[in-house]
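Spelled out, the chains give:
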2 protein chains.
Amino acid sequence: MVVRTGGAPSQREKQNMFEAAELGRKVSKADFTERANAVHTALLEVQRKLRGSQMSVIVVVSGVEGAGKGEVVNRFHEWLDARGIQTFAYWDESDEERERPPFWRFWRNLPPRGTIGIMFGSWYTRPIIDRVFGNIDESRFERELADISNLEQMLTADGALIVKFWFHLPKEVQRARLQQDIKEQKKSWNISPIAKKFSKRYDAFASVSERAIRITDTGHAPWYIVESSDRRYRDLTTGATLLDAIEERLKHAPSTALRAPMRKASIPDTAESKITVLDRVDLGNKLEEKKYSRLLSRYQRQLYDLAWRARQRNINTIAVFEGWDAAGKGGAIRRVTAALDARLYRVISVAAPSDEERAQHYLWRFWRHVPRSGYVTIYDRSWYGRVLVERVENFAKREEWMRAYQEINEFEAQLTAHGAILLKFWVHLGQDEQLRRFQEREKIPWKAHKITEEDWRNREQWDAYTEAVNDMVTHTSTEYAPWTLVPGNDKKYARVQVIKTFCRRLKEVV
Amino acid sequence: MVVRTGGAPSQREKQNMFEAAELGRKVSKADFTERANAVHTALLEVQRKLRGSQMSVIVVVSGVEGAGKGEVVNRFHEWLDARGIQTFAYWDESDEERERPPFWRFWRNLPPRGTIGIMFGSWYTRPIIDRVFGNIDESRFERELADISNLEQMLTADGALIVKFWFHLPKEVQRARLQQDIKEQKKSWNISPIAKKFSKRYDAFASVSERAIRITDTGHAPWYIVESSDRRYRDLTTGATLLDAIEERLKHAPSTALRAPMRKASIPDTAESKITVLDRVDLGNKLEEKKYSRLLSRYQRQLYDLAWRARQRNINTIAVFEGWDAAGKGGAIRRVTAALDARLYRVISVAAPSDEERAQHYLWRFWRHVPRSGYVTIYDRSWYGRVLVERVENFAKREEWMRAYQEINEFEAQLTAHGAILLKFWVHLGQDEQLRRFQEREKIPWKAHKITEEDWRNREQWDAYTEAVNDMVTHTSTEYAPWTLVPGNDKKYARVQVIKTFCRRLKEVV
């Protein structure tokens, strides 16, 4: 492949990526039969190994119309055990999809570990079509491709194998093939009603697609350009490539060592060097009962109206509550929800993941709850568990929680880019006050269930959590999704601050 | 409650169900505080017991506008632990919902065992509104209510507790309340933008709602009409009623003994008395290779076109494949899918349920895969596992698989009523032929994985399965979803019969 350069193009310079792939490769019928059998057997074998692994396989099927993508997918279904393979075709977005960030429709279909997901059309389709038809400009196009690379890198780091196929046909072959299909429409059973409209823009598609491939042809998720003039060559190459890719990865899990350097700066061992963001929270803040009632009531009225206005304008509000045990997250959440029409909000209480959730990237369980437009969604604990409890308790490996900051920032960027308001609360508490509340709770029957062994264990990890919180706030305080650190020693003060923050953020937008 | 009768109504006869509930009941503030605390504590306690049980709780929140349904739901969220409760509000259907049978949107939100799901609006909303506005006639209205009763009975039999609240306001109180809300709009934070339009049709709503309640006020899922003029009375009654209902049910699981009589007829012990539907299948059917190729190719072409036409007309095709081990289901399915554009079909291979699926009614895992309009969905094994393997292996209790025939017929009626074509294949096989194939498979490397210990065990249960299949075909062969019994001793014959059946059924419709 030679990249086009400026000036008068020589014959060689004019050749682009796709033309370089036009070599006229073929496979004879006899060769095909023999090798196809071998590939078939080997694929079934490798699929069985895959089933017992922690790895999922995402196959992206893209390319020009008429290249026979449908035939290839059918071939996969012929060669692979249907019990471990799912194909998803991406047509127009449904309204449920349109009302969520663009990647939502892909997240909802990601293959669980141990299985293969075939994406017929994929995250590449929309940017390419939008660019060809001029709906987006070049810089937006490149930004969207960068988002795709990020996503692919994230999934790969989590153990997914991404194999991307681009099925190519020379212009003349494509035209001839489509014309023949049209001519033989009665006889042939191989022409799809939507195939035609793209062939007219062959050159524009080729140019845009080439750039898309070039930008996203990364080491962790490479593209395979498959010459598709000869069907046997095409299918055999695709099958064998998928086979090799899975086998290779099962043998050598990708090393993540490079992604986990020492993160900690070397800090002098003095008291003031160890100040954290939490030390800046003034736990002395208080509210008198009377003032509390007045303020709470005022902001609740405001919030009720604001939430309805947000609903009418299809704006989502997503609020994340994190904080020490017994800091009063639940009480603050209830003061917020008491101000909302019950039809407008949902509280997601994050507990242990189900087995379907465990079989996916850890963000999957949060993506699946991303609401349609116009709602308030409150997460009682959240994706930040990855860098809090999972870090402190070693549920996540060092490199896993370390890369989570960027993954989370990217996730939140997608939510807010789609128009959501994102609020994040850390409800802070003094260590003494926590002890007082634990002891108090144990005495009150309907609160006793809230204190468990785990709470006492967590308390012993106070310093480790403090460090984790400090890192979390430092690394994920973004312009679009800032943290609010709430002083929680006085519950009344905390509740008012939370609901006031809701009102302030909503007012900026609705 | 006195049902209205013909002739000149006396004062007493005129009183309807709702008027009978207008007693002016109240709770003082002091009484409320004390009792609310007790209800709160008890609800948390009972919720903890619920968590360890196999029971889910579905709370239906219905009633007139202005009665404060939202306040009640907020109260639930205040009294209950958010970790075991979810509220779903039903607004307009999304296009993904419209493209599926009406109950799909409720199935997707059913609470898992051990949790409480609050339905704000519910399966009652649409029939009532449709009837009030004259979109459906009386008989259709009653049919839809009967469908609801069926659904509720089915969920109850599976261990769900369904508690249905109807919040009532006298006409004058409603009018006054809404008017005051409107007047105080600036100050009050309690009026929803959609509350008004219904109040004008108070009488029509009352009449239709009363009938809906009467028809669906069953022993297993009774209605509670709650007078809502006094908010404290309303909330306390609702909370205590829910509490009692859960406590009662946790103590006494509903007896299913009545639903499980002897099903078997007493058949004379002679050979001809024991003929089953499978004996009527002519296993001698065969196809020569040449004729097979010709027919297969002809029907595949037909099917390709028909599937595209079905897609254009938004018609779903759902095919169920059941059959003996090694009967050739997979091969038949692949001959069908080879004829379909890969974007149009999906194969669902039914394996062991996930924990999310186990926490639901057994049909839930099939409801969740019901496709949007225009697709072909093929189930490799299906909901019939309930009356086949689950029956034979005693995974399902006798009463569970016995009521499954009706549940399945109802499920399939909903699919076809929504426009789906439903095909059901039992691929039959002689016992000797099965043995021959088992032994053959064990010799071929890429087929060996298909034979497991389980297959050999199943084989020993041949007679039990034969009886189960016979019962299944007898009880679930409906006009809208007939079984096709496919002679499978000759694979070629079987494949052609399957694909021919696809074509025939699709041709009737597209």
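Only a predicted model underlies this, so the values are computations on that prediction, with no experimental measurement involved. (Residues numbered from 1 in each chain as written. Chains lettered and ligands numbered in written order. Predicted model: local features only at pLDDT ≥ 70, side-chain atom pairs only at ≥ 80, totals over all residues.)

> Would you mind going over the overall build of chain A with me for this structure?
For chain A, the count of helices and strands is 23 helices and ten strands. For chain A, the spread of C-alpha atoms along the principal axes amounts to about 85 × 50 × 45 Å. For chain A, the proportion of its 510 residues judged to be buried stands at 38%. Considering only contacts within chain A whose residues lie at least 6 apart along the sequence, 83% involve residues at least 24 apart. (Helix = DSSP H or I, 4+ residues; strand = E, 2+ residues; numbered from the N terminus. Buried ≥ 20, exposed ≤ 12 C-beta atoms within 10 Å, placed from the backbone. Contact = placed C-beta atoms within 7 Å.)

> Looking at this structure, how should I read the interface of chain A and chain B?
Interface size is commonly expressed as the accessible area that is lost once the parts come together. Taken together, the contact between chain A and chain B spans 43 residues of the former and 43 residues of the latter. Tallied by class, residues from the side of chain A that touches chain B come to 15 nonpolar, 14 polar and 14 charged. (Nonpolar A, V, L, I, M, F, W, Y, C, P; charged D, E, K, R; others polar.)

> Just checking my understanding: could you explain the nonpolar core for this structure?
Ranked by size, the top nonpolar core spans 116 residues in total, and within it V59 and L303 of chain A carry the most contacts. Take this core: its biggest share by element is eight residues, from helix 23 (residues 491–509) of chain A. Counting contributing residues per domain, this core is built from domain 1 (16–254) and domain 2 (272–509) of chain A, each supplying no fewer than three. With 115 residues, the next largest nonpolar core counts V72, F106, I246 and V370 of chain B among its residues. (Core = buried A, V, L, I, M, F, W, Y, C linked by C-beta atoms within 7 Å. Domains from an automatic or database assignment.)

> Is there a simple way to explain the relation of the copies chain A and chain B in this structure?
Two chain copies, one operation linking them: a rotation about an axis together with a shift along it. The operation relating chain A to chain B is a screw motion whose rotation component is 180 degrees, with 0.1 Å of axial translation and a residual RMSD of 0.0 Å. Taken together, the rotation and translation relating the two chain copies correspond to the operation of a two-fold axis. Interface residue correspondence from chain A to chain B reaches 100%, placing this contact among same-surface, isologous pairings. (Least-squares fit on C-alpha atoms with pLDDT ≥ 70 in both.)

> I'm lost on the sheet that holds strand 10 (residues 483–487) of chain A in this one. Help?
Whether parallel or antiparallel, the strands of a sheet pair through hydrogen bonds between backbone atoms. All names here are of chain A. With parallel pairing, five strands are arranged side by side in an open sheet as 7-8-6-9-10. The outermost strands of the open sheet, each flanked by one partner alone, are strand 7 (345–349) and strand 10. Adjacent strand axes in the sheet meet at a mean angle of 20 degrees when their direction is disregarded. Packing of helix 23 onto the sheet brings it into contact with strand 6 (317–323), strand 9 (421–428) and strand 10, and relative to strand 9 it is tilted by some 165 degrees. (Pairing = 2+ DSSP bridges. Axes fitted to C-alpha atoms, helices over the stretch in contact; angles between N-to-C directions.)

> What should I look at first to understand the sheet that holds strand 1 (residues 57–63) of chain A in this one?
Residue and element names in this part refer to chain A. The five strands lie next to each other as 2-3-1-4-5, forming an open sheet whose pairing is parallel. At either margin of the open sheet sits one strand with a lone partner, and together these are strand 2 (85–89) and strand 5 (223–227). Across the sheet, the mean angle from the axis of one strand to that of its neighbour is 20 degrees, orientation sign disregarded. With five bridges joining them, strand 2 and strand 3 (residues 116–120) adopt parallel strand pairing. Note that in strand 3 the partner of I85 across the bridge is I116.

> Sorry, what's going on with the domain arrangement of chain A here?
Residue and element names in this part refer to chain A. Entries for chain A in the domain assignment read domain 1 (16–254) and domain 2 (272–509). In this assembly, 16 residues from domain 1 lie in contact with 17 residues from domain 2. Taken together, the elements giving at least two residues each to the side of domain 1 that touches domain 2 come down to helix 6 (104–107) and helix 8 (138–157). The residue inventory of the side of domain 1 that touches domain 2, partitioned by class, reads nine nonpolar, one polar and six charged.

> What is the right way to look at the pairing of strand 10 (residues 483–487) of chain B in this model?
Each regular strand carries side chains that alternate between the two faces of the sheet. All names here are of chain B. Most of strand 10 sits inside the fold, with four of its five residues counted as buried. Two strands pair when backbone bridges link them, and strand 9 (residues 421–428) and strand 10 are joined in this way by five bridges, in the parallel orientation. Following the sheet pairing, K424 is matched in strand 10 by W483.

> Teacher, can you tell me more about the environment of L278 of chain A here?
Position of L278 of chain A relative to the elements: it lies in the loop between helix 12 (231–251) and helix 13 (289–312). Setting aside residues up to four positions removed in sequence, L278 of chain A forms contacts with H428, T466, V469 and N470 of chain A.

> For this particular structure, what's the right way to read the environment of M17 of chain B?
In this structure, M17 of chain B sits in helix 2 (residues 17–20). Between the C-alpha atom of M17 of chain B and that of I225 of chain B, which follows or precedes it by 208 residues, the distance is 8.9 Å.

> I'm lost on the confidence of the model for chain A in this one. Help?
Caution applies to low-pLDDT parts of the model: their predicted coordinates are not meant to be read in detail. All names here are of chain A. Of all residues in chain A, 91% attain a pLDDT of 70 or more, and the chain-wide mean is 88. The model gives residues 186–191 a pLDDT under 50, and that stretch makes nine contacts with residues more than four places away or in other chains. ipTM for the predicted complex: 0.79, alongside a pTM of 0.84. (pLDDT = per-residue confidence, 0-100.)

> What's the story with the pairing of strand 1 (residues 56–63) of chain B in this structure? I'm lost.
Residues and elements named next belong to chain B. Counting buried positions along strand 1 yields eight of eight residues, so the element is predominantly enclosed. Here strand 1 shows a buried face lined by S56, I58, V60 and S62 and a second buried face lined by V57, V59, V61 and G63. Of the pairings in the sheet, the one linking strand 1 to strand 4 (residues 160–168) comprises eight bridges and is parallel in character. Its bridge partner being in strand 4, S62 is matched across the sheet by W166.

> I'm lost on the packing of helix 8 of chain A against helix 11 (residues 202–216) of chain A in this one. Help?
The description of two helices packed together rests on the angle between their axes and the distance between the axes. All names here are of chain A. Remark: helix 8 packs on helix 11, axes separated minimally by 10 Å, with the N-to-C direction vectors making an angle of 40 degrees. Relative to helix 11, the element helix 8 lies oblique. Crossing geometry of helix 8 relative to helix 11 is assigned as right-handed. In contact with E142, L145, I148 and S149 of helix 8, helix 11 contributes A212, I215 and T216. Of the residues that constitute the contact of helix 8 with helix 11, the class distribution is four nonpolar, two polar and one charged. (Parallel < 35°, antiparallel > 145°, perpendicular 65-115°, else oblique. Left-handed = near helix turned anticlockwise from the far one by under 90°.)

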